[in-house]
Every structure is written in structure tokens, then in C-alpha cells.
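The lines below spell out each chain.
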Amino acid sequence: MTRPVRLAISGASGRMGRALLHLLGEDVRFELVHAVVSPGSTHAGQPVFAGHGDSLRYAVDWTHAPALDVVIDFSGAAGLATALDHCRVCGAALVSGTTGLDAAMEVRLADAGKHIAILRAANFSLGVAVLTRLLREAAAALPDWDLEIVEAHHSRKQDAPSGTALALGHAAAAARHTALEQAAVYSREGQTGERVDGSIGFAVVRGGDIVGEHTAVLIGQGERLELGHRATDRSIFARGALQAAHWLAGHAPGHWQLDDVIATLR
Ligand SMILES: NC(=O)c1ccc[n+]([C@@H]2O[C@H](COP(=O)([O-])OP(=O)(O)OC[C@H]3O[C@@H](n4cnc5c(N)ncnc54)[C@H](OP(=O)(O)O)[C@@H]3O)[C@@H](O)[C@H]2O)c1
């Protein structure tokens, strides 16, 4: 695309939305044309960039959205649903990092991929993409070792385990030719009995301002392998989402992966 990509953000006033806006200030690849917040948001009607007078203001819906190429969504299930509806109506591509969706929303997204280009990732960091590959390899190479996934996030996070922890679990389960639905143990309390061979356990830490930490622990007899990633700055997710949005603009309908984007960066 020779002109800037016309971009809208769903969830523009949130932690991730702010990180995106911060980067967009210096990114000539994009023209921000719409910024959506929740219907009851205190940001509604306020200027998106402080000191920019009457230029772009936060909107509470997509009614007056101009023509656009891509929506980046980091909102929540309700925000993603309206963003998806708008993308389907106008044919825009959708990049979404929203996690904690229910089965019905997953079905809607799967169906929408027949009509528009969609790229979703539970984690937009390059480091986590590599961690996922390393975990696949380790889980396959050490099939009898117990696997536990530990994640930590800030105190305001709404869903648990994190979408990234679940994605790591899915990757490891697939590498061991099983499904996470069969292998996952999400909580332990009281008389749990012995650990079930082949299970994948999850542990969750919540507190303060932790941006996101994930450790996959493979535990054998007399030795232990730990593969971990720590995000200390939300800008890594925002940078990955912008890279994905720039790549996705103009792509054919379908479900695309962050790995597809990373492959073109090499
Ligand atoms: N994939 C990744 O790499 C990654 C990284 C970080 C976070 N996440 C996920 O991204 C999502 C957002 O995280 P966050 O920490 O940025 O959340 P947040 O700080 O709570 O921000 C949520 C944003 O969504 C807006 N919103 C809420 N309901 C909405 C609706 N119905 N319609 C439109 N906008 C709505 C909020 O508006 P107001 O607050 O102004 O009302 C706010 O701008 C979560 O699911 C999180 O797990 C993913």
C-alpha cells in the first residue's frame, strides 16, 4: 500500500489503546481515522491527542466511522463484537488481541474469516512467538516430563489463565498429540490426589502492575527445564499489533497468524 493505512482502534483509551496511540504519534505508515471507547466511557467526545483541538475525538460506536482499512482491537468481548460487525459491513481487516472470549464469540470470529482478513494473537510480542516454538520442541522432545504453566499479570486483568498461557498450553498439547481440553488442570485445592500423567497444570498470579510473565516448567526426575518470558513494557504488544496491521491491510479474507508476519520480517 503506497498511501498510509487508514486505521481505527477499538479500546483506544485502555492500557493497550494508549500504548498504540503513543507509537502512532511517530508512525507515518498509518493514519488514525477512528478511536472507539465503551458506551459509558469518561473519554467519550474528548480529543484523542491532547492539544489537537477539534481533530479526532473518542467515539462510543462505529456510526460515524469514515472509510478505513484496518481495525486494531484491544477492548473486551463487547467491544470486539461491535468492531467485528463494523469490519464485516465495510470489509476492513481486523487485528485483535482481546482475550477471554466465550465459545459463541469464537464461532462468530471463525465465520467472519470467510469474509474479511483477521489476525488474532493472545500475545503480540516477538519473544512469546519464539517461546511458543521452543515450548513445542521441548514438549515433544520430553514427552514424559510433567508440564506446568505459570503466568502473572496486573491486578486489573479480567480473565484467567491468560490467553497467552492457554495458547502455550494448546501448543504444548498439540506437540504431544493431544488436546488441551483433555490435558488441562486449571485448579488444585484440597484432596487432589496424585498428579495425572500427561496433564498440563496452570497456576495464576495477579498483582500490582505486572505487564505479563509466562513460564513453562518441564519437570523430570532429578532435573527441570524452565522456559520463560517477561514483558516489562506494553509497547512490545502495541508494536507487534501495528506490524500485524500494516501487514494485514489489503490481504485476502481468512485467518492469519503472527507467525505469517514474522516470517516476512526475516
Ligand atoms: N494480545 C496481546 O498481546 C495483549 C496484550 C495486552 C492485553 N491484551 C488483551 O487486550 C484486552 C484489553 O486489555 P487492556 O489492558 O488494554 O484493557 P483496558 O485497559 O481495560 O482497556 C479496555 C478498553 O476497551 C474499551 N471498551 C470497553 N468496553 C468496550 C465496548 N463495549 N466497546 C468499545 N470499547 C470498549 C475501554 O473503554 P473505557 O475504559 O474508556 O470505557 C478501554 O478503552 C484484554 O482482553 C487483554 O487481555 C492482549
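Look a little higher up for the structure.
To start, this report covers the structure provided alongside it. Not measured: the values here are computed from a predicted model.

Reading the values: rules and limits
- Residues numbered from 1 in each chain as written.
- Predicted model: local features only at pLDDT ≥ 70, side-chain atom pairs only at ≥ 80, totals over all residues.
- Pairing = 2+ DSSP bridges.
- Helix = DSSP H or I, 4+ residues; strand = E, 2+ residues; numbered from the N terminus.
- Axes fitted to C-alpha atoms, helices over the stretch in contact; angles between N-to-C directions.
- Contact = placed C-beta atoms within 7 Å.
- Parallel < 35°, antiparallel > 145°, perpendicular 65-115°, else oblique.
- Left-handed = near helix turned anticlockwise from the far one by under 90°.
- Nonpolar A, V, L, I, M, F, W, Y, C, P; charged D, E, K, R; others polar.
- Expected span 1.5 Å × (residues − 1).
- Buried ≥ 20, exposed ≤ 12 C-beta atoms within 10 Å, placed from the backbone.
- Arc of directions from axis to C-beta.
- Near = placed C-beta within 6 Å.

**Things to note about the sheet that holds strand S9 (residues 212-219)**
The strands making up a sheet are joined through hydrogen bonds of the backbone, oriented either antiparallel or parallel. Spatial strand order, S7-S8-S6-S9-S10: five strands in an open sheet with mixed pairing. The open sheet has two edge strands, strand S7 (184-185) and strand S10 (224-231), and neither has a second partner. With eight bridges connecting them, S9 and S10 associate as antiparallel partners. Pairing of glutamate 213 across the sheet is with arginine 230, part of S10.

**Regarding the sheet that holds strand S11 (residues 254-256)**
Read from one edge to the other, the open sheet built from six strands follows the order S2-S1-S3-S4-S5-S11, with strand pairing classed as parallel. The open sheet has two free edges, formed respectively by strand S2 (30-36) and S11, since each of these has just one partner strand. Recorded for the sheet is a direction-independent mean angle of 20° between the axes of neighbouring strands. Examined bridge by bridge, strand S1 (residues 5-10) and S2 share six bridges and lie parallel to one another. Its bridge partner lying in S2, serine 10 is registered against valine 36. Strands in contact with helix H2 (residues 77-90) are S1, S2, strand S3 (70-73) and strand S4 (93-96); relative to S3, the strand with the most contacts, it is inclined by about 170°.

**Regarding the packing of helix H1 (residues 15-24) against helix H7 (residues 235-248)**
Closest axis-to-axis distance for the H1/H7 pair is 9 Å, and the angle between their directions is 65°. By the angle between their directions, the pair H1 and H7 is classed as roughly perpendicular. In the crossing of H1 with H7, the sense of the turn from one axis to the other is right-handed. Along its contact with H1, which presents Met16, Ala19, Leu20 and Leu23, the element H7 presents Ser235, Phe237, Ala238, Arg239, Ala241 and Leu242. For the contact of H1 with H7, the class distribution of residues is eight nonpolar, one polar and one charged.

**Remarks on H2**
With 14 residues, H2 should reach 20 Å at 1.5 Å per residue; the first-to-last C-alpha distance of 20 Å fits that figure. Residues Gly79, Leu80, Ala83, Leu84, His86 and Cys87 constitute the buried set of H2. Taken down its axis, H2 places every buried residue within 165° of arc, on the same side. In this structure, H2 carries Ala78 and Val89 as exposed residues pointing more than 90 degrees from its buried face. Backbone geometry just after H2 places glycine 91 at a positive phi near 80°.

**So, the site of the ligand**
In the vicinity of the ligand there are 28 residues, among which Gly11, Gly14, Ser41, Gly79 and Gly97 approach most closely. At the level of elements, H1 and H2 are the ones that each hand at least two residues to the shell around the ligand.

**A closer look at the environment of alanine 173**
Take alanine 173: it is sitting in helix H5 (residues 163-175). Since 20 C-beta atoms lie within 10 Å of it, alanine 173 is described here as buried. Non-local contacts of alanine 173, meaning those with residues more than four positions away in its chain, are made with Thr178, Ala179, Leu180, Ala183 and Ile200.

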